[in-house]
Amino acid sequence: MPCKILEKERLIPGQTSKLVIDAPHIAKKAQPGNFVILRVCEKGERIPLTIADADPERGTITIVYLVMGKSTALLETLDAGDSILDLCGPLGRPTHIEKAGTVICVGGGTGIAAMHHIAKGHHKAGNHVVAVIGARSKDLLLFYDELSSFCPEVLVSTDDGSFGHKGLVTDLLRQRLETDKTVSEVVAVGPVPMMAAVAKTTEPFGVKTTVSLNSIMVDGIGMCGACRVSVGGETRFACVDGPEFDGHKVDFNELRQRLAAFKPQEKLSYDHHCKCTCAGEK
Amino acid sequence: MTATAERKPAGGRKIAPRVDMPCQPAGERIRNFEEVALGYTQQMATEEARRCLQCKNPKCVKGCPVEVPIRDFIGQLAKGDLEGAYRTIKSTNSLPGVCGRVCPQENQCEGACVLNAKGQPVAIGRLERYVADTYMALDACDHLSAKLTCPAVDPELRVACIGSGPASLTVAGYLSARGIKVTVFEALHEVGGVLVYGIPEFRLPKSAIVEKEVQALRTQEVDFVTNWVGGRTFSVDDLFAEGYRAVFIGVGAGLPRFLGVPGENLTGVFSANEYLTRVNLGRAYAFPDYDTPVYQGRNVTVYGGGNVAMDAARTALRLGAESVRIVYRRTRDELPARHEELEHAEEEGVILELLANPVAFHGDEMGRLTGVTLQRMQLGEPDASGRRSPVPVEGDTYDLPTDLAVIAVGTRPNPILLEATPQLTLSRRGYIEVDEETGETSIPNVFAGGDIVTGAATVILAMGAGRRAAKEIRRRLKGGE
Ligand SMILES: Cc1cc2nc3c(=O)[nH]c(=O)nc-3n(C[C@H](O)[C@H](O)[C@H](O)COP(=O)(O)OP(=O)(O)OC[C@H]3O[C@@H](n4cnc5c(N)ncnc54)[C@H](O)[C@@H]3O)c2cc1C
Ligand SMILES: Cc1cc2nc3c(=O)[nH]c(=O)nc-3n(C[C@H](O)[C@H](O)[C@H](O)COP(=O)(O)OP(=O)(O)OC[C@H]3O[C@@H](n4cnc5c(N)ncnc54)[C@H](O)[C@@H]3O)c2cc1C
Ligand code: SF4
Ligand code: FES
């Protein structure tokens, strides 16, 4: 059942966009931490994207994606009014949320949008949410306003110092943990090296750390094992056992290697796409 | 055609040898994904049908899990009554084109056929396939002419099926032909279960066979809703709240088992389900025209000995592997795959690495698979069941280079719906428990069947279970017998 795109916002032109999609059946059930699997067109690949927000009343979900390769480039060619051929969800275990005090939600790059839904969940549960977000520069920073609308504190870092702290999100996180002993949990969503760094930062403080893993997926319902990750020496399927896991137990090195499994094919596919779209056949 | 001498059965009548089925030549077919077996011609089918003895007490029927009136349809075919033959098969089997291709006939009807005593049973599977294919081709717009006699579908009598494998398709076919409105919810983007994501195109053509069967159900007003995940997009309770009167669960057993040996998460090690899903559902054989990629392997090893292992091995060959080995811990005699698949695999050049068991995978500094260590096995003393189980030969291990390993050592129940429906009573092995006669689960008016009840089994057993449940559902909704 194709689902219609109601709004499209180019957050970073050519790189990152936000789509609001008409999907009442998913919006009704979506919880923080859930994702969807979508397929843009008949020949397309199934790709997972996090539900960055859901509005059950309006019957919509929001996704934010970074153009990485073929499938996201194809998604980027769609506009408001167009439809996504297949949209399946909500998938994955929802974030474990309970009233626990102060929760720090760390987001990097496109992960900030994915983290937004989790932060909102913690806020609704009555937790004091500190958002710590980072990007390379100010104009690449996502969801600052959305997070500021409900988080009592939004701490920002940029690589070039154009906004907030000049440096990494982990600098801000470490400073906070050194001075604030009320932090009950740290949640991190972003690129693999960032999540690994967050887990390393929090470890000496003994603070519970949850990371959301973006392993390669095919079906997203536990039938293939493409998404398998090692957590505490055990193999888990990110799509049904996760995607959130204890950051102190995840084998990030293995995850990084597994994410590179299809590098040559991804390049081939992207080049093929560019050739086709330039030739005008899309 | 085999040059077996003509045989005389007990009755004295001369029985011609079994008619071989034409196939694409092995050297050609390993370069394409088209169907290997080409099917009988009319002449071949008639000749084969005439071999049947029309036994008074047909053993073949008892060998069939859904008791297709085999003798009768073969008799009709021998007389040239194709439509009659088709209707006879359809009276108990809703997917003859599929079953003719994938049933393990040697353990079922053909295994039980009296002529099997001489090793030359009637080629029942090939005849079934012939009847289904020919009938479909003859009467493509309405090959279910039985439809005319079907009562109109009552929109109030609604039944939901979760999952769209052969079990659910059978429920949908049976009930819709009896005036009940069926909606099938499938998590993936295509309908058919293992028939579309698992069994390869070269063995079961998707658009020519599976899609046609599904289309036939659509004409019976069955609705298919794809991308809906039971336990996530909706719950069983939601269905009852929306007015469904009964629910059938046919979600299969697709969760892959791994071996639990070191190195199993290296890139280059795949479950058979992932490998086959990429190729079949994702059409990765047509990459980059289609977007889903599949890992390229030069020296491929496949672990397991069933149909799934055969399918993975033969797929790898077609994708250009230089060598493909099936690593199996017992001997050739114990291989559980269909005989025909094993024969075809060997003809195509698949190598059997028997009495061997993987103990570790090895990789390079980038985490990519480079090799495997195998443990030599031998068959031990028969256990209580009389089966000789493999035991390691102490100290005898050897290494093989491999850059693509496909694990096909079995599956477990699909987890999502079961976790989301804790009221369902499960067996010790984690499958759904049902009443043997009705297929009803521990939740009233919720039925289940197929691999999610039995564990990985066969298409025909899944269909049999679907039929059993469908009969009971019909009885409850419409009364009478
Ligand atoms: C649970 C989950 C949630 C995600 N949420 C988001 C999100 O909200 N926003 C976002 O921008 N990205 C998200 N991702 C990552 C996103 O799925 C990939 O960027 C996307 O699949 C890339 O596809 P592509 O064809 O454009 O690029 P490709 O050229 O195919 O690949 C580019 C990169 O994406 C990764 N990738 C490729 N195929 C897949 C796949 N099928 N599954 C997962 N990763 C893949 C590869 O490791 C590669 O490094 C998420 C991933 C997961 C598992
Ligand atoms: C590679 C391979 C080769 C095989 N070869 C043969 C053969 O030659 N002969 C033979 O007889 N048998 C063969 N089998 C076995 C046979 O295919 C299965 O026994 C049969 O398909 C089981 O049917 P089913 O209806 O129980 O479920 P399945 O066919 O497994 O279908 C279940 C469906 O439910 C869907 N689903 C799962 N969870 C949910 C959910 N929560 N919500 C909605 N939908 C869901 C799945 O996506 C799937 O489409 C083979 C199996 C495989 C994997
Ligand atoms: S047992 Fe064999 S010979 Fe007898 S009716 Fe069945 S198919 Fe014909
Ligand atoms: S994506 Fe297939 S099992 Fe997780």
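These figures come from a predicted structure and were not determined experimentally.

A. Spatial organisation of the site of ligand 1. All names here are of chain A. In the vicinity of ligand 1 lie 23 residues, with P48, L66, S71, T72 and L259 positioned nearest. In the model, an oxygen atom of ligand 1 is placed 2.6 Å from a nitrogen or oxygen of the P48 main chain. Contact between ligand 1 and S71: an oxygen atom at 2.8 Å from a main-chain N or O atom of the residue. For ligand 1, the accessible surface in isolation is 850 Å², of which the surrounding protein chains cover 90%. Broken down by secondary-structure element, the contributors of at least two residues to the shell around ligand 1 are β4 (47–50), β6 (60–66), α2 (70–76) and α9 (263–278).

B. Quick look at the packing of helix α9 (residues 166–176) of chain B against helix α18 (residues 459–478) of chain B. All names here are of chain B. Contact geometry of α9 with α18 gives a least axis separation of 7 Å together with a crossing angle of 40 degrees. In this structure, α9 meets α18 at a crossing whose hand is right-handed. Each of P166, A167, T170, V171, Y174 and L175 in α9 lies in contact with α18, whose residues at this interface are V459, A462, M463, G466, R467, A470, K471, I473 and R474. Counted by class, the contact of α9 with α18 contains 10 nonpolar, 2 polar and 3 charged residues.

C. Structural view of the site of ligand 2. Neighbouring ligand 2 are 36 residues; B:V102, B:E186, B:R203, B:G230 and B:D451 lie closest to it. Residue neighbours of ligand 2 fall on chains A and B, so the site bridges chains. Between B:P166 and ligand 2, the recorded distance is 3.3 Å, taken from a backbone N or O atom to an oxygen atom. Note that an oxygen atom of ligand 2 is positioned 3.0 Å from one of the backbone N or O atoms of B:V194. When ligand 2 is considered free in solution it has 1000 Å² of accessible area, and contact with the protein chains removes 96% of it. At the level of elements, α9, α14 (307–318) and α18 of chain B are the ones that each hand at least two residues to the shell around ligand 2. The element that contributes the greatest number of residues to the shell around ligand 2 is α14(B), accounting for 3 residues. Per-class residue counts for the shell around ligand 2 are 19 nonpolar, 12 polar and 5 charged.

D. Geometry of the UniProt feature "domain: FAD-binding FR-type" (unreviewed entry) in chain A. Under the feature "domain: FAD-binding FR-type" (unreviewed entry), the UniProt entry names residues 1–97 of chain A. For residues 1–97 of chain A, helix accounts for 11% and strand for 45%, while the C-alpha atoms at its two ends are 32 Å apart.

E. Just the packing of aromatic side chains, in detail. For the structure on display, the rule yields 13 aromatic pairs over all chains. Consider the rings of B:F33 and B:Y285, whose centres lie 4.6 Å apart with planes at 20 degrees: the pair is stacked. In this pair, B:F33 is assigned in the loop between α1 (26–29) and α2 (42–49) and B:Y285 in the loop between α13 (272–280) and β7 (299–303), connecting sequence segments 252 residues apart. Grouped by ring-pair contacts, the aromatic residues B:F185, B:W228, B:F234 and B:Y244 constitute a single cluster. A cation over an aromatic ring shows up here: A:K138 above the ring of A:F163, its NZ or CZ 5.6 Å from the ring centre. Just above the ring of B:Y174 sits the side chain of B:R178; from NZ or CZ to the centre is 3.6 Å.

F. Structural view of the pairing of strand β12 (residues 388–401) of chain B. Residues and elements named next belong to chain B. Pairing of strand β11 (residues 369–382) with β12 involves 9 bridges; the strand directions are antiparallel. If you follow Q378 over to β12, its bridge partner there is V391. If you look at the hairpin formed by β11 and β12, you'll find 5 residues sitting between the two strands, and G386 has a positive phi there, around 90 degrees.

G. The arrangement of the UniProt feature "domain: Dihydroprymidine dehydrogenase" (unreviewed entry) in chain B in detail. Following the UniProt record, the feature "domain: Dihydroprymidine dehydrogenase" (unreviewed entry) maps to residues 29–137 of chain B here. For residues 29–137 of chain B, the end-to-end C-alpha separation is 24 Å, with 52% helix and 0% strand making up the annotated structure.

H. Structural view of the confidence of the model for chain B. Residues and elements named next belong to chain B. A residue-level look at chain B finds 94% of positions with pLDDT of 70 or above and a mean pLDDT of 90. Below pLDDT 50 for its whole length, residues 1–10 participates in 19 contacts with residues either more than four positions away or in separate chains. The low-confidence segment residues 140–148 (pLDDT under 50) makes 15 contacts with residues lying over four places distant or belonging to another chain. Across the interface, the model reports ipTM at 0.91; the global pTM reads 0.92.

I. The packing of helix α4 (residues 70–78) of chain B against helix α8 (residues 124–138) of chain B, seen in detail. Residue and element names in this part refer to chain B. Between α4 and α8, whose axes approach to 11 Å, the crossing angle comes to 60 degrees. On the basis of the axis angle, α4 is oblique to α8. The handedness of the crossing between α4 and α8 is left-handed. For the pair α4 and α8, contact is made by I70, F73, I74 and L77 and by I124, L127, E128, Y130 and V131, respectively. Of the residues belonging to the contact of α4 with α8, the class tally is 8 nonpolar, no polar and 1 charged.

J. Geometry of the nonpolar core. Residues A:V106, B:I70 and B:F73 are the most contacted members of the largest nonpolar core, which totals 90 residues. Excluding its chain neighbours within four sequence positions, the residues that come into contact with A:V106 are A:M115, A:V132, A:V169, A:L173, A:V186, A:V187, A:A188, A:V189, A:M194 and A:V198. If you look at the next biggest cluster of nonpolar residues, it comprises 36 residues, including B:V302, B:V324, B:Y328 and B:A408.

K. Examining α2(B) more closely. Those residues of α2(B) that fall on the buried side of the exposure criterion are B:M44, B:A45, B:T46, B:E48 and B:A49. On its buried side, α2(B) packs onto α4 and α8 of chain B.

L. Summary view of the interface of chain A and chain B. Between chain A and chain B, the contact holds 42 residues from the first and 45 residues from the second. Surface buried jointly by chain A and chain B totals about 3800 Å² across both partners, of which 55% is contributed by carbon and sulfur atoms. The three residues of chain A that bury the most area against chain B are A:K43, A:M223 and A:R228, which together make up 18% of that side's buried surface. Across the chain A-chain B interface, the total number found is 4 salt bridges. For B:D291, the salt bridge goes to A:K70, with nearest N and O atoms at 2.6 Å. Applying the counting criterion to the chain A and chain B interface returns 20 residue pairs in polar contact (both at pLDDT 80 or more). Contributing elements (two or more residues each) for the side of chain A that touches chain B: α2, β8 (86–91), β15 (228–231), β16 (234–237), α8 (252–259) and α9 of chain A. Counting residues per element, the side of chain A that touches chain B draws most heavily on β8(A), at 6 residues.

What counts as what
- Residues numbered from 1 in each chain as written.
- Chains lettered and ligands numbered in written order.
- Predicted model: local features only at pLDDT ≥ 70, side-chain atom pairs only at ≥ 80, totals over all residues.
- Heavy atoms only, no water.
- Near = heavy atom within 4 Å.
- Polar contact = N/O pair within 3.5 Å; in protein donor to acceptor, adjacent residues only side chain to side chain.
- Areas by Shrake-Rupley, 256 points an atom, 1.4 Å probe, with all protein chains shown as cover.
- Helix = DSSP H or I, 4+ residues; strand = E, 2+ residues; numbered from the N terminus.
- Axes fitted to C-alpha atoms, helices over the stretch in contact; angles between N-to-C directions.
- Left-handed = near helix turned anticlockwise from the far one by under 90°.
- Contact = heavy atoms within 4.5 Å.
- Nonpolar A, V, L, I, M, F, W, Y, C, P; charged D, E, K, R; others polar.
- UniProt positions renumbered as here; feature names shortened; annotations may be inferred.
- Phe/Tyr/Trp six-rings, centres within 6.5 Å; stacked < 30°, edge-to-face > 60°.
- Lys NZ or Arg CZ within 6 Å of the ring centre and 35° of its normal.
- Pairing = 2+ DSSP bridges.
- pLDDT = per-residue confidence, 0-100.
- Parallel < 35°, antiparallel > 145°, perpendicular 65-115°, else oblique.
- Core = buried A, V, L, I, M, F, W, Y, C linked by side-chain atoms within 4.5 Å.
- Buried < 20%, exposed > 50% of the residue type's maximum accessible area, 1.4 Å probe, protein only.
- Buried area = accessible area lost by both parts, 1.4 Å probe.
- Salt bridge = Lys/Arg side-chain N within 4 Å of Asp/Glu carboxyl O.

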